[in-house]
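Analysis of the macromolecular model
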Amino acid sequence: DTGVSQNPRHKITKRGQNVTFRCDPISEHNRLYWYRQTLGQGPEFLTYFQNEAQLEKSRLLSDRFSAERPKGSFSTLEIQRTEQGDSAMYLCASSSRTGAEYEQYFGPGTRLTVT
Amino acid sequence: GENVEQHPSTLSVQEGDSAVIKCTYSDSASNYFPWYKQELGKRPQLIIDIRSNVGEKKDQRIAVTLNKTAKHFSLHITETQPEDSAVYFCAASLNMGGSARQLTFGSGTQLTVLP
């Protein structure tokens, strides 16, 4: 499968614990995005990387959230001191610098449940 | 920031009929408008998109129209089939100099095609 992949697919954690998600974009895609989707809503933008540089962060991204893309390939999203309100589907998307460069392709998501 | 509104929130049609979903956006600078289809428990899939330099785009049974003056765009599905049943999201973004920015999504339309 050459699409965007995300791990884990599901994560259940207790309030106050830290969690980390991983996203592997489509090979050669230099742009990587994180979104959060809650039930019945459209995805909401969290942050965006071009290569290893984090270029934009949403106001939704509190200090407890941090994202990295150290080598410009895969990315991680960490949530510290999780809260019940963090329960959501976390989606990763990637897009290419060349060709259809505006198109964003989504991964299957990581569903986080905070108990 | 950009705000995208989508209507209706639910839509039921008979198989073979047409379905129309409408979205409005607030930022006149937005220039890229994709539509995603999301089946239950699956990733959003890009089905069609349009850029601000064209008014209409068609791909088989799916078409999208854009009215920049009124700041609204619509998805048209003809000859609907049961497998078209899903949640459809519109989105808007501002892309500058080949750099793809974040997508702002509408709240989604649950389309049900009745056999």
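Everything below is about the structure printed above this text.
Now for a quick tour of the structure. From a predicted model like this one, the values you see are computed outputs, not experimental measurements.

1. What about the overall build of chain B?
Counting its secondary structure elements, chain B contains zero helices and eleven strands. Walking chain B from its N terminus toward its C terminus, one meets helices and strands in the order β-β-β-β-β-β-β-β-β-β-β. For 115 residues, the compact-globule formula gives about 13 Å, and the C-alpha radius of gyration of chain B, at 14 Å, lands near that figure. Once the C-alpha set of chain B is aligned to its principal axes, its extents read approximately 45 × 30 × 20 Å. Classification of the 115 residues of chain B by burial places 44% in the buried group. Sequence separation of 24 or more characterises 53% of the internal contacts of chain B that already satisfy a separation of 6 or more. When the accessible surface of chain B is split by element, carbon and sulfur atoms take 47% of a total near 5,600 Å².

2. A short note on the state of the cysteines
Residues and elements named next belong to chain A. Enumeration according to the criterion identifies two disulfides over all chains in this entry. Covalent S-S linkage joins Cys23 and Cys92, the inter-sulfur distance amounting to 1.8 Å. Because the sign of the S-S torsion sets the handedness, a value of about -65 degrees for the bond joining Cys23 and Cys92 places this disulfide among the left-handed ones. Remark: Cys92 occurs in strand E9 (residues 88-95) and Cys23 occurs in strand E3 (residues 19-24); sequence separation between them is 69 residues. Neither residue differs from the other here; Cys23 and Cys92 are each classed as buried.

3. Observations regarding unusual backbone geometry
Backbone geometry follows two general trends: most residues other than glycine have a negative phi, and most peptide bonds adopt the trans configuration. The amide bond that connects Asn7 of chain A to the next residue, Pro8 of chain A, takes the cis arrangement and shows omega of -10 degrees. Inspection of the secondary structure assignment puts Pro8 of chain A in the loop between strand E1 (5-7) and strand E2 (10-13). The residue after His7 of chain B, namely Pro8 of chain B, is reached through a cis peptide bond having omega -5 degrees. Inspection of the secondary structure puts Pro8 of chain B in the loop between strand E1 (4-7) and strand E2 (10-14). Backbone geometry at Asn51 of chain A places phi at a positive 55 degrees, although glycine is not the residue there.

4. Re the nonpolar core
Formed by 23 residues in total, the largest nonpolar core has its most connected members in Trp35, Phe73, Leu75 and Leu111 of chain B. The set of elements that each furnish at least two residues to this core consists of E2, strand E3 (19-25), strand E4 (32-38), strand E5 (45-51), strand E7 (62-67), strand E8 (72-77), strand E9 (86-92) and strand E11 (109-114) of chain B. Grouped together as the second largest cluster of nonpolar side chains are 19 residues, Cys23, Leu32, Leu46 and Ile79 of chain A included.

5. Quick look at the side chain of Glu2 of chain B
Residue and element names in this part refer to chain B. If you trace the backbone, Glu2 turns up in the segment before E1. Of the side chains with opposite charge, Lys71 lies nearest to the buried Glu2, which makes no salt bridge, at 7.5 Å. Only 2.7 Å separates the side chain of Glu2 from the backbone nitrogen of Ser26, close enough to count as a polar contact. Engagement of the side chain of Glu2 in a polar contact is seen with the side chain of Ser30, the distance being 2.4 Å. With sequence-adjacent residues up to four places away left out, Glu2 is seen in contact with Tyr25, Ser26, Asp27, Ser30, Ala92 and Thr104.

6. Examining the pairing of E3 of chain B
All names here are of chain B. The two faces of E3 differ: Ala19, Ile21, Cys23 and Tyr25 on one face are buried, but Val20, Lys22 and Thr24 on the other face are not. Relative to E3, E1 is paired through four bridges, and the arrangement is antiparallel. Among the inter-strand pairings, Glu5 is bridged to a residue of E3, identified as Thr24. Looking at chain direction, E3 and E8 are connected through six bridges and run antiparallel. Considered in E8, the bridge of Val20 is made with His76.

7. Let's talk about the side chain of Ser58 of chain A
All names here are of chain A. Its location among the elements puts Ser58 in the loop between strand E6 (53-57) and strand E7 (65-68). Within the structure, Ser58 has its side chain in polar contact with the backbone oxygen of Phe45 (distance 3.3 Å). When sequence neighbours within four positions are dropped, the list of residues in contact with Ser58 reads Phe45 and Leu46.

8. Describing the environment of Leu40 of chain B
Residues and elements named next belong to chain B. Along the chain, the position of Leu40 falls in the loop between E4 and E5. Exposure remark for Leu40: the relative accessible area of 86% places this residue in the exposed category. As a C-alpha pair, Leu40 and Ser12 span 28 residues in sequence and 17 Å in three-dimensional space.

Criteria and cut-off values
Residues numbered from 1 in each chain as written. Chains lettered and ligands numbered in written order. Predicted model: local features only at pLDDT ≥ 70, side-chain atom pairs only at ≥ 80, totals over all residues. Heavy atoms only, no water. Helix = DSSP H or I, 4+ residues; strand = E, 2+ residues; numbered from the N terminus. Rg over C-alpha atoms; globule rule 2.2 N^0.38 Å. Buried < 20%, exposed > 50% of the residue type's maximum accessible area, 1.4 Å probe, protein only. Contact = heavy atoms within 4.5 Å. Areas by Shrake-Rupley, 256 points an atom, 1.4 Å probe, with all protein chains shown as cover. Disulfide = S-S within 2.5 Å. Core = buried A, V, L, I, M, F, W, Y, C linked by side-chain atoms within 4.5 Å. Lys, Arg positive; Asp, Glu negative; His and termini not counted. Salt bridge = Lys/Arg side-chain N within 4 Å of Asp/Glu carboxyl O. Polar contact = N/O pair within 3.5 Å; in protein donor to acceptor, adjacent residues only side chain to side chain. Pairing = 2+ DSSP bridges.

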